[in-house]
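# Analysis of the macromolecular model
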Amino acid sequence: MKVLVINAGSSSLKYQLLDPATQEVLAQGLCERIGIDGRLTHKVPATGGKFEFEIAMPTHAEAIQAVLDALTNPEHGVIQSMSEIDAVGHRVVHGGEKFASSVLITDEVLAAIEECVPLAPLHNPANITGIKACQSVMPGVPMVAVFDTAFHQTMPAHSYIYALPYEYYEKDKVRRYGFHGTSHKYVAGRAAAMLGKPLEELKIVTCHLGNGSSVTAVDGGKSVDTSMGFTPLAGLPMGTRSGDLDAGILEFLMNKYGYDIKEMLNILNKKSGVLGISGVSSDFRDLDAAAEQGNGRAALAVEAFNYSVKKLIGAYAAAMGGVDAIVFTAGVGENSASNRLAIASGLEFMGVKMDAEANNTRGKEAVISAPDSKVKVLLIPTNEELMIAQDTAAIVGK
Ligand code: ADP
């Protein structure tokens, strides 16, 4: 089976054609500047080929058509015709309380995704545009929606409820939803496979640490708490996002500087996090380099980030009544030995013992705790596309 995975943004669209059974990636790429002019970068892993094209993309439909043309091109294509694509899996950011798992896209499902637009006004409209564009260019091909929020729908009410007047939950659906669900689910499954134990018997803390970061408590394969909230602004300090803060700060700064709510949120989303603390960069590689040169604020930003992750690991161990494994994934989690070591050291009291040498690795699955560590610490590269393709195959195969 061949599945085309689509992740549509407002002016960009990532794609991957893969076989979910063999996990082989046949081709992958990116359409950029949709609605402006249009650029396609297309890669074929088997040959190492990389191709770049300027193609007019007034809308997402032309972008999808350009992807199909690239996939079927006699020179750099990987399939003979579109009919070889058995299904399309779409990443959709917000499924609200309506979707606790991936689902075959029907008219009713599309309408329900549209109803979630107020919850994710920046992301869901782009995802919907991607779905409609695919439907117009690939009529009759079954399509599946895979939601960032779905995995977290198993959270109990005491985890997701905010201590606000209850009517805001009942009427307006204001609650913790959580994001990065596809990634947390994927790495939790891989952790069980690596440990050779059933997922249902494991308590795992999964740390997705990238440009956006979140930590999830996965008990018996189910998300029982997660650090992102009603929006992806909550939880850890991130590249440029503040994470959790005292809501009273908003009033204080808005009064003092005359910001309106839009300006305030722009600061919280784009100018805060480790960028805000350091004044240097949102990228941990730059922060490490600056800290090494003696930049105290860069060092502080990294310390504050690591400390927040460590605190959540402790909190989630308490929430689950124990922990069998801690997983690191995404850009920082997969690549930064120093962040992982700083986060997981000092947790010996709860049975976590790192192996500095084993930790000195990147980008591939590895056990990075000491052999006698009660809690296993694992490095697991995330693979959201594979998870989307596997969910899609499972639903379409039914
Ligand atoms: P996104 O959330 O955008 O998907 P990624 O998961 O790709 O982001 O993570 C990107 C981040 O990973 C970069 O901003 C950078 O901070 C971090 N990163 C990548 N490589 C390294 C590295 N070698 N050391 C430290 N951090 C790294």
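Calculation notes
Residues numbered from 1 in each chain as written. Predicted model: local features only at pLDDT ≥ 70, side-chain atom pairs only at ≥ 80, totals over all residues. Heavy atoms only, no water. Helix = DSSP H or I, 4+ residues; strand = E, 2+ residues; numbered from the N terminus. Rg over C-alpha atoms; globule rule 2.2 N^0.38 Å. Buried < 20%, exposed > 50% of the residue type's maximum accessible area, 1.4 Å probe, protein only. Contact = heavy atoms within 4.5 Å. Areas by Shrake-Rupley, 256 points an atom, 1.4 Å probe, with all protein chains shown as cover. Lys, Arg positive; Asp, Glu negative; His and termini not counted. Charge placed at Lys NZ, Arg CZ, Asp CG, Glu CD. Phe/Tyr/Trp six-rings, centres within 6.5 Å; stacked < 30°, edge-to-face > 60°. Lys NZ or Arg CZ within 6 Å of the ring centre and 35° of its normal. Salt bridge = Lys/Arg side-chain N within 4 Å of Asp/Glu carboxyl O. Axes fitted to C-alpha atoms, helices over the stretch in contact; angles between N-to-C directions. Parallel < 35°, antiparallel > 145°, perpendicular 65-115°, else oblique. Left-handed = near helix turned anticlockwise from the far one by under 90°. Nonpolar A, V, L, I, M, F, W, Y, C, P; charged D, E, K, R; others polar. Near = heavy atom within 4 Å. Polar contact = N/O pair within 3.5 Å; in protein donor to acceptor, adjacent residues only side chain to side chain. 1 Å grid on protein atoms, 1.4 Å probe; cavity = no way out; pocket = protein on both sides within 12 Å on 5 of 7 lines; lining within 4 Å. Sits in = over half its atoms within 2 Å of the grid points. Pairing = 2+ DSSP bridges. Domains from an automatic or database assignment.

The next thing to look at is the overall build of the protein chain. On a plain count of helices and strands, the protein chain comes out with 15 helices and 14 strands. Its C-alpha atoms give the protein chain a radius of gyration of 21 Å, near enough to 21 Å, the size a compact globule of 398 residues would have. With respect to the principal axes defined by its C-alpha atoms, the protein chain has extents near 60 × 55 × 45 Å. Burial analysis of the protein chain (398 residues in total) assigns 48% to the buried set. In the protein chain, of all internal contacts separated by at least 6 residues, the share reaching a separation of at least 24 is 59%. Only carbon and sulfur atoms are counted for the fraction: they give 53% of the accessible area of the protein chain, which is about 17900 Å². Of the side-chain charges in the protein chain, 34 are positive and 44 negative, and the distance between the mean point of each set is 4 Å.

With the rule as written, the count across this model stands at six aromatic pairs. Judged by centre distance (4.5 Å) and plane angle (10 degrees), the rings of Phe99 and Phe147 are stacked. Of the two residues, Phe99 is situated in the loop between strand 6 (87-92) and strand 7 (103-104) and Phe147 in strand 8 (residues 143-147); the sequence distance between them amounts to 48 residues. Across this residue pair, the class does not change: Phe99 and Phe147 are buried. A network of ring pairs unites the aromatic residues Tyr160, Tyr166 and Tyr169 as a single cluster. Looking at Lys173, its charged tip hangs above the ring of Tyr169, at a distance of 5.7 Å from the centre. Positioned above the aromatic ring of Tyr160 is the side chain of Arg175, whose terminal nitrogen or guanidinium carbon lies 3.6 Å from the ring centre.

Further remarks concern the pattern of salt bridges. Within the structure shown, the criterion is met by 16 salt bridges. As a salt-bridge pair, Arg176 and Asp225 come within 3.8 Å of each other at their nearest N and O atoms. With Arg176 in the loop between helix 5 (167-170) and helix 6 (181-195) and Asp225 in strand 11 (residues 222-226), this residue pair connects regions lying 49 residues apart in the sequence. Of the two residues, Arg176 and Asp225, neither departs from the other in class, the shared state being buried. A salt bridge links Asp372 to Lys353; the nearest nitrogen and oxygen atoms lie 2.7 Å apart.

Before going further, it helps to spend a moment on the packing of helix 11 (residues 296-320) against helix 13 (residues 337-344). Here helix 11 crosses helix 13 at 50 degrees, and the two axes come no closer than 8 Å. Considered as vectors, helix 11 and helix 13 are oriented oblique to each other. Read as a crossing pair, helix 11 and helix 13 show a hand that is right-handed. For the pair helix 11 and helix 13, contact is made by Val302, Phe305, Asn306, Val309, Lys310 and Ile313 and by Asn339, Ala342 and Ile343, respectively. For the contact of helix 11 with helix 13, the residue count by class is six nonpolar, two polar and one charged.

A few words on the site of the ligand. With respect to spatial proximity, the complete set of residues near the ligand consists of Gly210, Asn211, Gly212, Asp283, Phe284, Arg285, Ala330, Gly331, Val332, Asn335, Ser336 and Arg362. Contact distances for the ligand include 3.5 Å between an oxygen atom and a side-chain N or O atom of Asp283. Within the contact set of the ligand, an oxygen atom lies 2.9 Å away from a backbone nitrogen or oxygen of Gly331. One can see that the ligand is located within the second largest pocket. When contributions to the shell around the ligand are tallied by element, the ones reaching two or more residues are helix 10 (284-292) and helix 12 (330-335). With four residues, the single largest contributor to the shell around the ligand is helix 12.

For the rest of this paragraph, the subject is the pairing of strand 2 (residues 13-18). Burial within strand 2 is extensive, with five of its six residues counted as buried. The pairing of strand 1 (residues 3-8) with strand 2 spans six bridges and is classified as antiparallel. Its bridge partner lying in strand 2, Ile6 is registered against Tyr15. Where strand 1 folds back on strand 2, the antiparallel hairpin that results is connected by four residues. The sheet contact formed by strand 2 and strand 3 (residues 25-32) spans six bridges and is antiparallel. By the bridge assignment, Gln16 is partnered in strand 3 with Gln28.

Looking now at the side chain of His76. Summarising the element assignment, His76 is placed in the loop between helix 1 (60-72) and strand 6. Relative accessible area serves as the criterion here: at 9%, His76 is assigned to the buried category. The residues touching His76, leaving out its near neighbours within four places in the chain, are His42, Val44, Phe51, Phe53 and Ala70.

One non-glycine residue, Gln23, lies in positive phi territory at about 70 degrees. Positionally, Gln23 belongs in the loop between strand 2 and strand 3. Residue His180 is not a glycine yet carries a positive backbone phi of 60 degrees. By the element assignment, His180 lies in the loop between helix 5 and helix 6.

Turning to the domain arrangement of the protein chain, a few remarks are in order. By the assigned domains, the protein chain splits into domain 1 (3-147) and domain 2 (196-379). For domain 1 and domain 2, the distance between their C-alpha centroids amounts to 30 Å.

Now for the sheet that holds strand 4 (residues 39-44). What the eight strands build is an open sheet, ordered 5-4-3-2-1-6-8-7; its pairing is mixed. The open sheet has two free edges, formed respectively by strand 5 (49-54) and strand 7, since each of these has just one partner strand.

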